[in-house]
Amino acid sequence: MEAAGQRRVVRAEDVAHMGLTEVLRHAPYIHSQYRALVAAIKRDRPNLAILIDFPDVNFRLAKHLHRLGVPVLWFVSPQLWAWKRRRLRWVQQRVDRMLVIFPFEAPFYRARGVDAEFVGHPLATLPLPTISRQAYATQAKGISQDQWFYGGGPNDGRPVKATPGIELGNIRYELDPLKPWIALLPGSRISEVQNNLRTMIDAAYEISGDYEFLIPIAPTITEKQLTAIQYDMGDLYLAKDNPPRVTFVRDAREALHHARASIVASGTATVQALTIGNPFVVVYRVSALTFAIVKRMIRYPAEIPAMLDADGNLPIAMPNLIAGRRIVPELLNARFTASNLATALRPLLDDTPARREMIVDLAEARAKLLPTPDSNPIHRVCDAAEALLQPAPAHVARNATHTV
């Protein structure tokens, strides 16, 4: 939207945090940004509000918008079908149309009196990447791979352990397009990377075979944050011998496309892996308190078949919810260990029945992501937006291109 000429008031990536304790730590800054956003709404009064996901903020914004008489279209449903179902009344009161991207969501809302439409998932319309392995490997040269050479931050006084034959400060190697690759997707937020990446790297140590590991850097990760991640990885390499060959890369879909299998943090990346058809294992870690609270809160309605795992956890990975059964392994919190991860991933690396079965299951689930094979989700959103647009009053017409 910003690239199309809209004015951005608040950067969503600066206020997006997962988990109870994680949000509490950043609460003052989040609240200040929220106040700035509400002030912009009242000052500029848009002709239409398109709220995208982000329920903790958007439900409150919808309240202000509704009071101002601004039509509210919500694209990408909050997960009320999983928890906090009491918020459903806010949807009924404040949202004119709910546009959902997963097939089970529309029946859930319609049964509860909400004008909802399954428009399909935008990722399902993307063609498979066409970049060659050689070209993708060449792209990686544009990213510093210095995580192999630092034992911590600059001037921290600790010795740096050099790999024999490797000159400190230079890139260790070039990504080899002839070797099998495994993609590691720790999440798009720096907090997720900090919580998930170390265990992924520990699992890479345990996976036998001549594999190279790709870590796609999400656009939300800054260069400064990438440097910090690399320093943290340097600490890990100092503690162990024979480190795995790890390369930072830019595009997650391309990494998934060329990887033999993947380890993916729960979130949108699991849908990316689903649409690519790449076999994968889902992982996630939050604080023990957050996990205990969320586990008690999650309850699925009749529209979502769900099977408990051995620890009594409901599935959280979207491919499993779309399929209506567990088609990809989930390793959450205590079960997210390097040993468990390596054990779950190994059968997906060789030409095994488990790998072939998952590829078929992923294809069947992917087909459910569009209402019809030729659907265009964004066109459907545009049609719904145009239907709700109302002419701006004369005194606010000048602000018609502003967005909040």
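About the thresholds
Residues numbered from 1 in each chain as written. Predicted model: local features only at pLDDT ≥ 70, side-chain atom pairs only at ≥ 80, totals over all residues. Heavy atoms only, no water. Helix = DSSP H or I, 4+ residues; strand = E, 2+ residues; numbered from the N terminus. Buried < 20%, exposed > 50% of the residue type's maximum accessible area, 1.4 Å probe, protein only. Contact = heavy atoms within 4.5 Å. Areas by Shrake-Rupley, 256 points an atom, 1.4 Å probe, with all protein chains shown as cover. Lys, Arg positive; Asp, Glu negative; His and termini not counted. Salt bridge = Lys/Arg side-chain N within 4 Å of Asp/Glu carboxyl O. Pairing = 2+ DSSP bridges. Axes fitted to C-alpha atoms, helices over the stretch in contact; angles between N-to-C directions. pLDDT = per-residue confidence, 0-100. Patch = residues over 30% accessible without salt bridge, like charges linked within 9 Å, V, L, I, M, F, W, Y side chains within 5 Å. Phe/Tyr/Trp six-rings, centres within 6.5 Å; stacked < 30°, edge-to-face > 60°. Lys NZ or Arg CZ within 6 Å of the ring centre and 35° of its normal.

## Quick word on the overall build of the protein chain
Here is step 1 of the chain: On a plain count of helices and strands, the protein chain comes out with 16 helices and 10 strands.
Here is step 2 of the chain: Buried positions account for 47% of the 404 residues belonging to the protein chain.
Here is step 3 of the chain: Considering only contacts within the protein chain whose residues lie at least 6 apart along the sequence, 68% involve residues at least 24 apart.
Here is step 4 of the chain: For the protein chain, the exposed surface amounts to about 19300 Å²; the carbon and sulfur share of it is 55%.

## So, helix 11 (residues 268-276)
Here is step 1 of the chain: Burial analysis of helix 11 places eight of its nine residues in the buried class, the great majority of the element.
Here is step 2 of the chain: Residues A269, T270, V271, Q272, A273, L274, T275 and I276 constitute the buried set of helix 11.
Here is step 3 of the chain: Along its buried surface, helix 11 packs onto strand 5 (181-185), helix 10 (252-258), strand 8 (261-265), strand 9 (280-284), helix 13 (318-323) and helix 15 (353-366).
Here is step 4 of the chain: Where helix 11 terminates, the next one or two residues include G277, which has phi positive at roughly 85°.

## Considerations on the side chain of E254
Here is step 1 of the chain: Relative to the assigned elements, E254 resides in helix 10.
Here is step 2 of the chain: The side chain of E254 is buried and forms no salt bridge, while R253, the nearest opposite charge, is found at 7.2 Å.
Here is step 3 of the chain: Contact partners of E254, with chain neighbours within four places excluded, come to P129, I131, Y136 and Q139.

## As for the pairing of strand 6 (residues 212-216)
Here is step 1 of the chain: Within strand 6, five of the five residues are buried, leaving the element largely enclosed by the surrounding structure.
Here is step 2 of the chain: Judged by which residues are buried, strand 6 turns out to be covered on both faces: E212, L214 and P216 on one side and F213 and I215 on the other are all buried.
Here is step 3 of the chain: For strand 5 and strand 6, the ladder comprises three bridges, and the chain directions are parallel. Residue I182 lies in a different strand from strand 6, and its bridge partner there is F213.
Here is step 4 of the chain: Bridge count between strand 6 and strand 7 (residues 245-249): five bridges; the pairing is parallel. Bridging across to strand 7, P216 finds its partner in V249.

## What to know about the environment of L332
Here is step 1 of the chain: Relative to the helices and strands, L332 is located in strand 10 (residues 330-332).
Here is step 2 of the chain: Under the relative-accessibility criterion, L332 is labelled buried at 8%.
Here is step 3 of the chain: Spatially, the C-alpha atom of L332 lies 9.6 Å from that of A265, the residues being 67 residues apart in sequence.
Here is step 4 of the chain: Setting aside its immediate chain neighbours within four residues, L332 contacts V283, Y284, F291 and I316.

## Points about the sheet that holds strand 7
Here is step 1 of the chain: Strand order across the open sheet formed by six strands is 7-6-5-8-9-10, with parallel pairing between neighbours. The open sheet has two edge strands with one neighbour each: strand 7 and strand 10. Between one strand axis and the next, the sheet turns by 20° as a mean value, whatever way the strands run.
Here is step 2 of the chain: Direction of pairing for strand 9 relative to strand 10: parallel, over a ladder of three bridges. Looking across to strand 10, one finds that V283 is bridged to L331.

## As for the confidence of the model for the protein chain
Here is step 1 of the chain: Mean pLDDT over the protein chain: 86, with 86% of residues reaching 70 or higher.
Here is step 2 of the chain: Scored below 50 in pLDDT, residues 148-171 makes 45 contacts in the model with residues more than four places away or belonging to other chains.
Here is step 3 of the chain: The model gives residues 395-404 a pLDDT under 50, and that stretch makes 21 contacts with residues more than four places away or in other chains.

## Quick word on unusual backbone geometry
Here is step 1 of the chain: Not every positive phi belongs to a glycine, and F54 is a case in point at roughly 50°.
Here is step 2 of the chain: Tracing the backbone through its elements, the reader meets F54 in the loop between strand 1 (49-52) and helix 4 (55-67).
Here is step 3 of the chain: One non-glycine residue, V76, lies in positive phi territory at about 80°.
Here is step 4 of the chain: The residue V76 is located in the loop between strand 2 (72-75) and helix 5 (88-94) in this model.
Here is step 5 of the chain: Given the relative accessible area of 17%, V76 is considered buried.

## Looking at the sheet that holds strand 4 (residues 116-118)
Here is step 1 of the chain: The four strands are arranged 1-2-3-4 in an open sheet whose pairing can be described as parallel. Edge positions in the open sheet fall to strand 1 and strand 4, since each of these has one partner strand only. Sheet twist, expressed as the mean angle between neighbouring strand axes with direction ignored, is 20°.
Here is step 2 of the chain: Where strand 1 meets strand 2, four bridges bridge the pair, whose relative direction is parallel. For L51, the partnering residue across the bridge sits in strand 2 and is W74.

## A look at a nonpolar patch on the surface
Here is step 1 of the chain: On the surface, a cluster of nonpolar side chains totalling about 260 Å² of accessible area is made up of M1, I50 and I52.
Here is step 2 of the chain: Considering the arrangement of structural elements, one finds I52 in strand 1.

## Description of the packing of aromatic side chains
Here is step 1 of the chain: Here the structure, examined in full by the defined rule, presents seven aromatic pairs.
Here is step 2 of the chain: Considering the side-chain rings of F59 and W90, the 5.4 Å spacing of their centres and the 65° angle between planes classify their relative orientation as edge-to-face. Pair noted here: F59 is in helix 4 and W90 is in helix 5, with a separation of 31 residues, a long-range link. The exposure classification of F59 matches that of W90, with both residues buried.
Here is step 3 of the chain: For the pair F102 and F104, a centre-to-centre distance of 6.2 Å together with 5° between the ring planes defines the contact as stacked.
Here is step 4 of the chain: Joined through ring pairs, the aromatic side chains of W81, F102, F104 and Y300 make up one cluster.
Here is step 5 of the chain: K84 extends its terminal NZ or CZ atom over the ring of W83, reaching a point 4.9 Å from the ring centre.
Here is step 6 of the chain: Geometry around W181 places R133 over its ring, the cationic atom sitting 3.9 Å from the centre.

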